[in-house]
Amino acid sequence: MKIISSLIFVSMLLLVACTDSKDMESDANKVLQDSVQKYLDDYNNKYKDLYYAASEAEWVLNTHIVEGDTLAEHEVKIASKAMADYTGSEENINTADGFLEVKDKLTPLQVKQLNAIKYAAAGNPATLGSLIDDKIAAEAGQTKKLYGYKYMLNGKEISTNDIDKILASDKKPAQKLAAWNASKDIGKTLKGGIDTLRDLRNKSVMPLGYDNYIDYQISDYGMEVEEMRDLLHKVINDIWPLYRELHTWTRYELAKKYGEKVPEYLPAHWLPNRWGQEWNSIVEVEGFDLDGILGQKSPEWIVETGEEFYKSIGLPALPKSFYEKSSLYPVSPDAGYMKNNHASAWHMNLDDDVRSLMSVEANTKWWGTTLHELGHIYYYMLYSNPDVPYILRGGANRAFHEGVGSMLGLAAMQKPFLQERGLLAKDVELDEIKLLLKEALEQVVLIPWGAGVMTEFEYSLYAQNLPVDQFNSKWWEIKKKYQGIVPPNERGEEYCDACTKTHINNDPAQYYDYALSIVTLFQLHDHIAKKILKQDPHNTNYWGSKETGKFLSKILTPGATVDWRKLMKDELGEEISAKAMLEYFNPLYTWLKEQNKGRSYTLPEKVSK
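Just so it is clear, the model here is predicted, and its values are computed rather than measured.

Rules and cut-offs
- Residues numbered from 1 in each chain as written.
- Predicted model: local features only at pLDDT ≥ 70, side-chain atom pairs only at ≥ 80, totals over all residues.
- Heavy atoms only, no water.
- Helix = DSSP H or I, 4+ residues; strand = E, 2+ residues; numbered from the N terminus.
- Rg over C-alpha atoms; globule rule 2.2 N^0.38 Å.
- Buried < 20%, exposed > 50% of the residue type's maximum accessible area, 1.4 Å probe, protein only.
- Contact = heavy atoms within 4.5 Å.
- Areas by Shrake-Rupley, 256 points an atom, 1.4 Å probe, with all protein chains shown as cover.
- Disulfide = S-S within 2.5 Å.
- Axes fitted to C-alpha atoms, helices over the stretch in contact; angles between N-to-C directions.
- Left-handed = near helix turned anticlockwise from the far one by under 90°.
- Nonpolar A, V, L, I, M, F, W, Y, C, P; charged D, E, K, R; others polar.
- Polar contact = N/O pair within 3.5 Å; in protein donor to acceptor, adjacent residues only side chain to side chain.
- pLDDT = per-residue confidence, 0-100.
- Pairing = 2+ DSSP bridges.
- Salt bridge = Lys/Arg side-chain N within 4 Å of Asp/Glu carboxyl O.
- Parallel < 35°, antiparallel > 145°, perpendicular 65-115°, else oblique.
- Phe/Tyr/Trp six-rings, centres within 6.5 Å; stacked < 30°, edge-to-face > 60°.
- Lys NZ or Arg CZ within 6 Å of the ring centre and 35° of its normal.
- Core = buried A, V, L, I, M, F, W, Y, C linked by side-chain atoms within 4.5 Å.
- Patch = residues over 30% accessible without salt bridge, like charges linked within 9 Å, V, L, I, M, F, W, Y side chains within 5 Å.
- Lys, Arg positive; Asp, Glu negative; His and termini not counted.
- Charge placed at Lys NZ, Arg CZ, Asp CG, Glu CD.
- Arc of directions from axis to C-beta.

Our focus in this paragraph is the overall build of the protein chain. Along the protein chain, the regular secondary structure elements total 25 helices and six strands. Relative to the globule expectation of 25 Å for 609 residues, the C-alpha radius of gyration of the protein chain, 25 Å, shows essentially globular dimensions. Considering only C-alpha atoms, the protein chain reaches an extent of 85 × 55 × 50 Å along its principal axes. Expressed as a percentage of its 609 residues, the buried residues of the protein chain come to 58%. Contacts spanning at least 24 positions in sequence make up 78% of the contacts within the protein chain whose residues lie at least 6 apart. Split by element, the accessible area of the protein chain, about 24900 Å² in all, is 50% carbon and sulfur.

According to the stated counting rule, one finds one disulfide in the structure shown. Sulfur-sulfur distance for the disulfide between Cys-496 and Cys-499 comes to 2.1 Å. Where Cys-496 bonds to Cys-499 through sulfur, the torsion about that S-S bond is close to 65°, and the disulfide is right-handed. The class for Cys-499 is buried, based on a relative accessible area of 1%.

This part covers the packing of helix α3 (residues 71-87) against helix α6 (residues 130-147). At a minimum axis distance of 9 Å, the contact between α3 and α6 shows a crossing angle of 145°. Crossing of α3 over α6 shows right-handed handedness. Contact residues: Glu-73, Val-76, Lys-77, Ser-80, Lys-81 and Ala-84 in α3; Ile-132, Asp-133, Ile-136, Ala-137, Ala-140, Gly-141 and Lys-144 in α6. Partitioning the contact of α3 with α6 into residue classes produces six nonpolar, two polar and five charged.

Residue placement: Glu-574 occurs in the loop between α23 (564-572) and α24 (579-584). For the pair Glu-574 and Gln-523, spaced 51 residues apart in the sequence, the C-alpha separation amounts to 9.0 Å. Other than its neighbours up to four places away in sequence, Glu-574 contacts Gln-523, Met-568 and Lys-569. In terms of polar contacts, Glu-574 uses its side chain to reach the side chain of Gln-523, at 2.9 Å.

Let's shift gears to the confidence of the model for the protein chain. Overall, the predicted model of the protein chain reaches an average pLDDT of 93, with 96% of residues at or above 70. In the predicted structure, residues 15-19 sits below a pLDDT of 50 and forms four contacts with residues beyond four places in sequence or in another chain.

A positive phi angle is found at Asn-154, which is not glycine, with a value near 55°. Among the secondary structure elements, Asn-154 is positioned in the loop between β1 (151-153) and β2 (156-158). You will see that Ala-509, though not glycine, has its phi angle at about 60°, which is positive. Mapped onto the elements of the fold, Ala-509 is located in the loop between α20 (502-506) and α21 (512-533).

Locating His-233 in the fold gives a position in helix α11 (residues 225-258). Excluding its chain neighbours within four sequence positions, the residues that come into contact with His-233 are Glu-456, Tyr-482, Ser-608 and Lys-609.

Attention shifts here to the pairing of strand β4 (residues 344-347). Across the two faces of β4 the burial is the same, with Ser-344 and Trp-346 and Ala-345 and His-347 all buried. Here β4 pairs with strand β5 (residues 354-357) via four bridges, running antiparallel. Residue Ser-344 lies in a different strand from β5, and its bridge partner there is Leu-357. As consecutive antiparallel partners, β4 and β5 are separated by six residues, and within that stretch Leu-350 has a phi angle of approximately 60°, a positive value.

Moving on, we come to the pattern of salt bridges. Enumeration according to the criterion identifies 42 salt bridges in this entry. Salt-bridge contacts for Asp-97 lead to Lys-118; the nearest nitrogen and oxygen are separated by 2.6 Å. Residue Asp-97 is found in helix α4 (residues 90-100), and its partner Lys-118 is found in helix α5 (residues 108-122); the two are separated by 21 residues along the sequence. Given a relative accessible area of 22%, Lys-118 falls into the partly exposed group. Between Lys-365 and Asp-164 there is a salt bridge; the shortest N-O distance is 3.7 Å. Within this pair, whereas Lys-365 is found in helix α15 (residues 364-383), its partner Asp-164 is found in helix α7 (residues 160-168), the two being separated by 201 residues in sequence.

Running from N to C, helix α13 (residues 299-312) and α15 cross one another at 50°; their axes reach a closest spacing of 9 Å. Judged by the inter-axis angle, α13 sits oblique to α15. Considering how the two elements wind past one another, α13 and α15 form a crossing that is right-handed. Of the residues in α15, those touching α13 at Trp-301, Ile-302, Val-303, Thr-305, Gly-306, Glu-307, Phe-309, Tyr-310 and Lys-311 are Trp-366, Trp-367, Thr-370, Leu-371, Leu-374, Gly-375 and Tyr-378. Considering only residue class, the contact of α13 with α15 consists of 10 nonpolar, four polar and two charged.

Moving on: the packing of aromatic side chains. What characterises a pair of aromatic rings is the spacing of the ring centres plus the angle enclosed by the ring planes. For the structure on display, the rule yields 34 aromatic pairs. Ring centres of Tyr-213 and Tyr-216 lie 5.6 Å apart, and the angle between their planes is 55°; on these two criteria the pair is classed as tilted. Note that Tyr-213 and Tyr-216 are positioned in helix α10 (residues 213-218) at a spacing of three residues, about one turn of the helix. Taken as a pair, Tyr-213 and Tyr-216 share a single burial class, namely buried. Taken together through their ring pairs, the aromatic side chains of Tyr-39, Tyr-43, Tyr-47, Tyr-51, Tyr-86 and Phe-99 make up a single cluster. Its guanidinium or amino end placed over the ring of Tyr-459, Arg-229 lies 4.0 Å from that ring's centre, counting from NZ or CZ. One Lys or Arg, Arg-355, reaches over the ring of Trp-59 and ends 5.3 Å from the middle of that ring.

Membership of the largest hydrophobic core comes to 178 residues, with the highest contact counts inside it found for Leu-114 and Phe-585. In terms of residue count, the dominant contributor to this core is helix α18 (residues 432-463) (17 residues). Excluding residues within four positions of it along the chain, Leu-114 makes contact with Val-36, Tyr-39, Leu-40, Ala-96, Phe-99, Leu-100 and Leu-106. Ranked by size, the runner-up nonpolar core spans seven residues in total, among them Ala-54, Ala-57, Leu-61 and Ala-140.

Let us now look at a negative patch on the surface. Together, Asp-427, Glu-429, Asp-431, Glu-432 and Asp-536 make up a region of like negative charge exposed at the surface. With relative accessibility at 65%, the residue Asp-427 sits in the exposed group.

Turning to helix α22 (residues 546-556), its buried residues number three or more, namely Thr-548, Gly-549, Phe-551, Leu-552, Ile-555 and Leu-556. Within α22, the buried residues cover an arc of 160° as seen down the axis, which keeps them to one side. Summarising the geometry of α22, the exposed residues directed more than 90 degrees from the buried face are Lys-550 and Lys-554. Buried residues along α22 sit against α15, α16 (398-411), α21 and α23.

Spelled out as structure tokens, the structure:
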């Protein structure tokens with residue numbers, strides 16, 4: 001191969017240079033770096049083109065699902081195979097390996113790109129031949145099953161949005177149980193696919209030295225599996241005393257609400273979310289009736305006001321194509337097709353084509369979700385600049401991406417911000433503790449779910465080869481341990497309740513990103529509130545703060561060209577830590593301790609790994 005031959009030639013020059021003058025060595029380094037750069041430029045351009053084609057195919061598969069139509073699934077297979085064939089080619093693997101052997105002679109940015117090329121190749125090494133084709137086909141088929149499924153309640157088709165509304169409402173437990181059961185039936189159709197995908201995913205990464213698929217995914221952080229698990233368990237135990245208080249308070253409050261005996265653990269259908277990952281709608285804050293106000297707006301107003309917020313802090317307008325090409329609102333019942341209702345942001349061509357897939361309605365949930373997804377979109381736009389090669393157009397780490405979106409979602413729910421937008425009266429008096437409680441039931445509750453349940457289940461799945469006939473029992477064992485949640489009825493192995501979660505199927509072994517992002521968002525928010533806005537972190541208003549926009553631009557523009565640990569240390573003065581989060585919720589912790597006096601705690605004082 002031409003590039004390898006060039007590498008061998010340049011390496012010989014370097015050997016000569018070692019015994020000659022520094023000028024000759026410098027010249028040889030320059031020749032080597034130029035050779036590497038030519039390869040990287042060619043790779044990046046090809047990578048972008050293939051990524052765009054694959055994104056377009058995936059977009060159609062997710063936004064236009066027609067029962068019985070296999071064309072979109074077929075197009076995904078073709079585009080994904082082309083991407084896999086290129087990124088996983090022996091030529092690219094060998095070339096990157098060869099250049100990395102002399103990485104001390106290259107620029108840091110070149111080394112980062114070469115490592116990214118190796119990471120991309122590890123998911124699809126050409127040496128595995130038809131196995132990669134099988135994986136691509138299995139993933140496309142699983143996506144179609146996941147989003148083409150018809151949920152049924154009382155003999156009638158129901159949307160996931162409608163299921164969520166029932167679970168979040170004040171309906172009786174029996175009605176909520178029926179909706180919860182309806183949300184779980186899909187697991188039966190997905191279980192076999194996950195078993196197949198687990199094996200294919202594991203085998204796909206082994207040729208490049210990874211033990212299993214979760215080992216591969218975690219390596220993107222520059223960490224080993226056990227190192228990540230240790231970090232996640234430290235974070236869980238840091239917030240555990242607060243979570244334990246929240247769990248106890250919720251058991252007693254919901255039992256009182258439903259007129260039931262206080263349960264030892266939380267029945268899953270009592271909670272306002274299909275997986276128990278957020279509980280915030282349990283709490284109503286008097287005077288904080290966003291649904292009432294937002295219900296008078298249009299879904300379009302939600303999205304356009306979100307954009308106005310980002311523009312107010314000095315960020316650019318969204319490209320016109322964002323509105324033309326995105327799928328932002330629910331599909332009408334008579335449309336003749338379905339779509340994925342899970343909110344997401346898409347960087348279609350790693351450049352100027354940014355889109356969002358949502359089903360926005362005019363309510364509080366979609367207000368926060370829209371601000372979150374636009375946070376991703378603006379991150380894409382900021383690192384789409386000439387200094388960031390296409391293959392490094394990602395977050396400093398994956399959690400950083402989520403953290404930025406979640407932080408802006410949090411900021412958009414704070415009292416001064418909402419008053420600025422006319423969504424709360426200027427003279428409204430709000431119960432600050434209840435506001436904190438509502439936030440904690442969203443943010444704190446997600447950490448044992450993301451760092452505990454999801455991560456530990458996928459660790460069992462990929463690293464320990466969990467047998468398929470133990471999927472459901474393991475799932476509920478872990479949910480009880482980390483969340484204190486139990487199933488409302490017998491859940492045999494014909495079910496796969498884990499499989500009902502989108503990420504298990506098509507965004508695997510990455511859910512710890514969300515847990516770490518919550519910690520990161522409070523670190524970022526604390527810095528902006530105290531150092532830039534000079535405001536109480538509980539009562540901020542980012543709207544119109546150009547300095548906040550400058551700070552965000554500074555930390556987001558480099559994308560993945562910088563080391564995330566160094567970025568946090570340089571910009572925040574600390575490594576990833578739950579300190580800011582615990583400080584934020586400390587008034588609530590004190591209040592909960594008082595409320596729970598005399599109540600029984602069923603969670604242990606510490607959770608073990």
